[in-house]
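Commentary on secondary and tertiary structure
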Amino acid sequence: MTQTEDLIDEGAEHKTWKGKLWGVIKVILIIVVTGGLLYYVFSKVPFAKIKYRLVHADRAWLTAAIACYIGSMLFSSWRLLSYFKSIGLRLDWRFNLRLYFLGLCYNVLLPGGIGGDGYKIYLLHKRYHLPTKKVFWAILFDRLSGFWAIGAIVVGLIILIPSFPYHLAWPLGIVSVGSVIYYFVARKFFKEYTHNFVQAHLKAIGVQSMQLLTIVCLLLAQDFNGKFAPYLLSFLFSSLAAIIPFSLGGGGIRDALFLTLARQFNLTEDMAVYLSFGFYLISIIVALLGVYYVLVPKRLDAGLKKGEEPKLENHPIEE
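Residues numbered from 1 in each chain as written. Predicted model: local features only at pLDDT ≥ 70, side-chain atom pairs only at ≥ 80, totals over all residues. Heavy atoms only, no water.

1. Notes on the overall build of the protein
Summing up its helical and strand segments, the protein has 13 helices and two strands in all. Out of the 319 residues belonging to the protein, those deemed buried represent 46%. Working note: accessible area of the protein is about 16300 Å², and carbon and sulfur atoms make up 67% of it. (Helix = DSSP H or I, 4+ residues; strand = E, 2+ residues; numbered from the N terminus. Buried < 20%, exposed > 50% of the residue type's maximum accessible area, 1.4 Å probe, protein only. Areas by Shrake-Rupley, 256 points an atom, 1.4 Å probe, with all protein chains shown as cover.)

Take a look at the structure:
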């Protein structure tokens, strides 16, 4: 049995029968919700249209879209590394990147089960005896920085939409005041996680920017010559909904919301669904790269010389 399987089995042993039952129910709900929403979307926009767009899309731009998405995952892994450093966990960037892709893979293979974040929390706790709560908060703040980046970019895109019904001072004011409150609350109550606050949030901007470039490449793969901003704005809003944990990797939820927003912005519906579904397929393809580390978990530490192994340091906390 592999180390990865040992970790999963050991975690399962600590679950009560209620926890195991909820895990099964959650998987069923995820499959039902994902399937139901995709059925709804394709009942409004025939799948044949989406298939046609995917099959006839420019291969060079599709390749560029995949490359941009991989770039966003590299930024995301780098961002998470900043939060691990904040709690004194010094991981080699190669180990962190491999663990990140392994987590992405678990999000696809084990929906509702241990999950990618759950596996990372468990593994880091087991190796370095870090309190699970501390690792959990590091990962949570990593996700919060993503929320902030989406909000900041949304405001930037709104400026490019002349038909926006409200004065630009409103969204600019909301994101500015919200950012200040967010920082001071984090600084006041979660000081340990703000040591790399600015650089982590700049990396979060990098993550979302690369994902927007993924959408741009998917549009260009269709010889698109219209306005990018409405599609990009719809994608960002749908990405927020996709974080809801009751779908398989955001599938179905992102597509349904993207379709709804397409109607609000007078966008081509089949183009909108092609973008959301194409992005979903790319995310699954890239996540499955982590299968290698599921099958050969020892490779997580491959190439690390003595002194480069992941280690835990005492982080000086300012009073």
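2. Notes on unusual backbone geometry
Although it is not a glycine, H129 adopts a positive phi angle of roughly 55°. Assignment of secondary structure puts H129 in the loop between α6 (116-128) and α7 (132-158). Residue D223 is not a glycine yet carries a positive backbone phi of 55°. Locating D223 in the fold gives a position in the loop between α9 (197-220) and α10 (229-242). Among the residues examined, D223 registers a relative accessible area of 69% and is labelled exposed.

3. Remarks on a nonpolar patch on the surface
On the surface, I159, L160, L168 and L172 cluster together into a nonpolar patch covering about 340 Å² of accessible area. Turning to its location among the elements, I159 is positioned in the loop between α7 and α8 (169-189). (Patch = residues over 30% accessible without salt bridge, like charges linked within 9 Å, V, L, I, M, F, W, Y side chains within 5 Å. Salt bridge = Lys/Arg side-chain N within 4 Å of Asp/Glu carboxyl O.)

4. Remarks on the pattern of salt bridges
Considering all chains together, one arrives at seven salt bridges under this definition. We note a salt bridge from R79 to D142, for which the minimum N-O separation is 2.8 Å. You can see R79 sitting in helix α4 (residues 59-86) and its partner D142 sitting in helix α7, a full 63 residues away along the chain. Of the two residues examined, R79 and D142, each falls in the buried class. R263 is the partner of E269 in a salt bridge, and the nearest nitrogen-oxygen pair spans 2.9 Å. The partly exposed category is assigned to R263, whose relative accessible area is 37%. Residues participating in the shared-partner salt-bridge network are D117, K120 and R143.

5. Focus on the packing of α7 against α8
Contact geometry for α7 and α8: axes closest at 9 Å, N-to-C directions at 160°. Overall, the two elements α7 and α8 adopt an arrangement that is roughly antiparallel. Helix-helix and strand crossings are classified by hand; for α7 and α8 the assignment is left-handed. On the side of α7, the interface is formed by F141, L144, S145, W148, G151, A152, V155 and I158, while α8 contributes P171, L172, V175, S179, Y182 and A186. (Axes fitted to C-alpha atoms, helices over the stretch in contact; angles between N-to-C directions. Parallel < 35°, antiparallel > 145°, perpendicular 65-115°, else oblique. Left-handed = near helix turned anticlockwise from the far one by under 90°. Contact = heavy atoms within 4.5 Å.)

6. A short note on the side chain of R79
On the basis of relative accessibility, which here comes to 5%, the residue R79 falls in the buried class. When near neighbours in sequence (up to four residues on either side) are disregarded, R79 contacts D142, S145, G146, A200, K203, A204 and V207.

7. A few points about the nonpolar core
By size, the foremost hydrophobic cluster in this structure holds 80 residues, and its most contacted members are F84, Y274 and L275. If one sorts the elements of this core by residue count, helix α12 (residues 269-287) sits on top with 11 residues. For Y274, the contacting residues outside a window of four places in its chain are I50, R53, L54, A57, L62, L218, A221 and Q222. (Core = buried A, V, L, I, M, F, W, Y, C linked by side-chain atoms within 4.5 Å.)

8. Remarks on the packing of α6 against α7
Their axes nearest at 9 Å, the elements α6 and α7 cross at an angle of 140°. Taken as axis vectors, α6 and α7 run oblique relative to one another. Judged by the twist between their axes, the crossing of α6 over α7 is right-handed. For the pair α6 and α7, contact is made by D117, K120, I121, L124 and H125 and by T132, V135, F136, I139 and R143, respectively. Residue classes in the contact of α6 with α7 are distributed as five nonpolar, two polar and three charged. (Nonpolar A, V, L, I, M, F, W, Y, C, P; charged D, E, K, R; others polar.)

9. With respect to α9
Every α-helical turn comprises 3.6 residues, leaving residues that sit three or four positions apart pointing alike. Look at α9: 35 Å from first C-alpha to last across 24 residues, which is about the 34 Å you get at 1.5 Å a residue. Of all the 24 residues making up α9, 17 are buried; the element is thus mostly covered by neighbouring parts of the structure. (Expected span 1.5 Å × (residues − 1).)

10. Quick look at the state of the cysteines
The final tally for this structure, using the stated rule, is zero disulfides. With no disulfide of its own, C217 lies 4.1 Å from the sulfur of C68, the closest cysteine sulfur. Take C217: its relative accessible area is 6%, and that puts it in the buried class. (Disulfide = S-S within 2.5 Å.)

11. Topic: the environment of S176
Structurally, S176 can be placed in helix α8. For S176, a relative accessible area of 40% corresponds to the partly exposed category. When the C-alpha positions of S176 and A152 are compared, they lie 8.7 Å apart, and in sequence the two are 24 residues distant.

12. Section: the confidence of the model for the protein
In this model, the protein carries an average pLDDT of 81, and 81% of its residues clear a pLDDT of 70 or more. Predicted confidence for residues 1-5 stays below pLDDT 50, and this span has 12 contacts to residues more than four positions away or in other chains. Taken as a whole, residues 315-319 scores under 50 in pLDDT and shows 12 contacts with residues more than four places along the chain or in a different chain. (pLDDT = per-residue confidence, 0-100.)

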